[in-house]
Amino acid sequence: MKKIIRELLDTSLYLLVVLALTYLVITFVGQRTQVSGSSMETTLSHEDNLIVDKITYRFSDPQRFDIIVFPFEHAEDTYYIKRIIGMPGETVRIDGEGNIYIDEEILEESYGKEVMESPGRAFETITLAEDEYFVLGDNRNSSSDSRDPSVGNIKRKNIIGRAWIRIWPLNKFGILKHQ
């Protein structure tokens, strides 16, 4: 009888340790997420599975062109994946031809899938606060991003992490390029 109780205690302790470690990894290290929609085409596709790095931003600040994950304020359990374009303290403006201006200088980047048709709220100059980022989807004409008032500027405290590794589909497996 003692042997059975001992085995039950050992198994229970083992399961408790596994659950605690799983909780710590998901909370502080990384978590799996799935892309829904085409707003990050051609970089990320619908139903791609990613691991989000939740550690890097605990020790360093997000950088321009990082692909980040953050919650959408207006829907529970909805997270957006977008690319950082504007950094804290900068001004962002998008003209009628789809050119992005950071502090009134054209941003040289090649992530947009095509020319932006609508600058949205960025048609007027947007000044980012010291804790705000301006994000865009790579598929600029099919993305709800910082140009949309319902998304707006993203506060630093709301960034969950950085998209790190694509784990599915297997033929696209690998570390994501940010810069």
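Up top you'll find the structure we're talking about.
The residue numbers shown here count from 1 along each chain, following its written sequence. Two thresholds apply to this predicted model, a pLDDT of at least 70 for residue-level local features and 80 or more for giving and counting side-chain atom pairs, whereas whole-chain, interface and lining totals are computed over all residues. Side-chain measures were taken over the full set of non-hydrogen atoms in the model, leaving aside hydrogen atoms and water.

Draft legend 1. Expanded view of a nonpolar patch on the surface. Residues qualify for a patch when their relative accessible area is over 30% and they have no salt bridge, like charges being joined within 9 Å and the nonpolar side chains of Val, Leu, Ile, Met, Phe, Trp and Tyr within 5 Å. Note that accessible areas follow from Shrake-Rupley with a 1.4 Å probe, and for residues the cover is restricted to the protein chains shown. Criterion for a salt bridge: a side-chain nitrogen of Lys or Arg within 4 Å of a carboxyl oxygen of Asp or Glu. Nonpolar side chains collect at one region of the surface, where Met-1, Ile-4, Ile-5, Leu-8 and Leu-9 lie side by side and expose about 570 Å² of accessible area between them. With respect to the element layout, Met-1 can be found in the segment before helix 1 (2-29). The numbering of helices and of strands both runs from the N terminus, where a helix is a DSSP run of H or I of at least 4 residues and a strand a run of E of at least 2.

Draft legend 2. The pairing of strand 4 (residues 79-86), seen in detail. Burial classification: accessible surface area is computed with a 1.4 Å probe over protein chains only, and a residue below 20% of its type maximum counts as buried, one above 50% as exposed, and the rest as partly exposed. Burial within strand 4 is extensive, with 7 of its 8 residues counted as buried. Across 5 bridges, the pairing between strand 3 (residues 67-71) and strand 4 is antiparallel. In the strand pairing of strand 4, Ile-68 is matched with Lys-82. Inspection of the sheet shows strand 4 paired to strand 9 (residues 132-136) by 3 bridges, in the antiparallel sense. Across the sheet, Ile-84 pairs through a bridge with Val-135, a residue of strand 9. At least two DSSP bridges between two strands are needed for those strands to be called paired.

Draft legend 3. A look at the packing of aromatic side chains. Between rings of Phe, Tyr and Trp, where Trp is taken as its six-membered ring, a pair exists when centres lie within 6.5 Å; planes separated by under 30 degrees are stacked, by over 60 edge-to-face, and by other angles tilted. Applying the stated criterion across every chain yields a total of 3 aromatic pairs. Taking the centre distance of 5.1 Å and the plane angle of 45° together, the rings of Phe-65 and Tyr-111 count as tilted. Here the residue Phe-65 occupies a position in the loop between helix 2 (56-59) and strand 3, and Tyr-111 occupies one in the loop between strand 7 (105-106) and strand 8 (126-127), the gap between them amounting to 46 residues. Summarising the burial analysis for this pair, Phe-65 and Tyr-111 share the class buried. Ring geometry for Phe-70 and Tyr-80: centres 5.9 Å apart, planes at 70°, overall edge-to-face. With Phe-70 in strand 3 and Tyr-80 in strand 4, this pair connects stretches of sequence that are 10 residues apart. Accessibility expressed as a relative area gives 17% for Tyr-80, which makes it buried. Counting every residue linked through ring pairs, the aromatic cluster contains Phe-70, Phe-72 and Tyr-80. Between Lys-82 and the ring centre of Tyr-80, over which it is positioned, the NZ or CZ distance is 5.1 Å. We call a charge positioned above a ring when the Lys NZ or Arg CZ atom is no farther than 6 Å from the ring centre and deviates by at most 35 degrees from the ring normal. One cation-aromatic arrangement involves Arg-83 over Tyr-111; the distance from NZ or CZ to the ring centre is 3.6 Å.

Draft legend 4. The environment of Arg-64, seen in detail. Looking at the element boundaries, Arg-64 is found in the loop between helix 2 and strand 3. Sequence-wise, Arg-64 and Ile-84 are 20 residues apart; in three dimensions their C-alpha atoms are separated by 5.2 Å.

Draft legend 5. Fine view of the side chain of Glu-90. Examined against the element boundaries, Glu-90 turns out to sit in the loop between strand 4 and strand 5 (91-94). Residue classification places Glu-90 among the buried residues on the basis of a relative accessible area of 11%. We call two N or O atoms a polar contact when they sit within 3.5 Å, provided that within protein one can donate a hydrogen and the other can accept it, with sequence-adjacent residues counted only if both atoms are side-chain atoms. A polar contact of 2.6 Å, which involves the side chain of Glu-90, links it to the side chain of Arg-64. The criterion used for residue contact is that any of the two residues' heavy atoms lie within 4.5 Å. Leave out the neighbours within four places in its chain, and Glu-90 touches Arg-64, Ile-85, Ile-102, Asp-103, Ile-126, Thr-127 and Leu-128.

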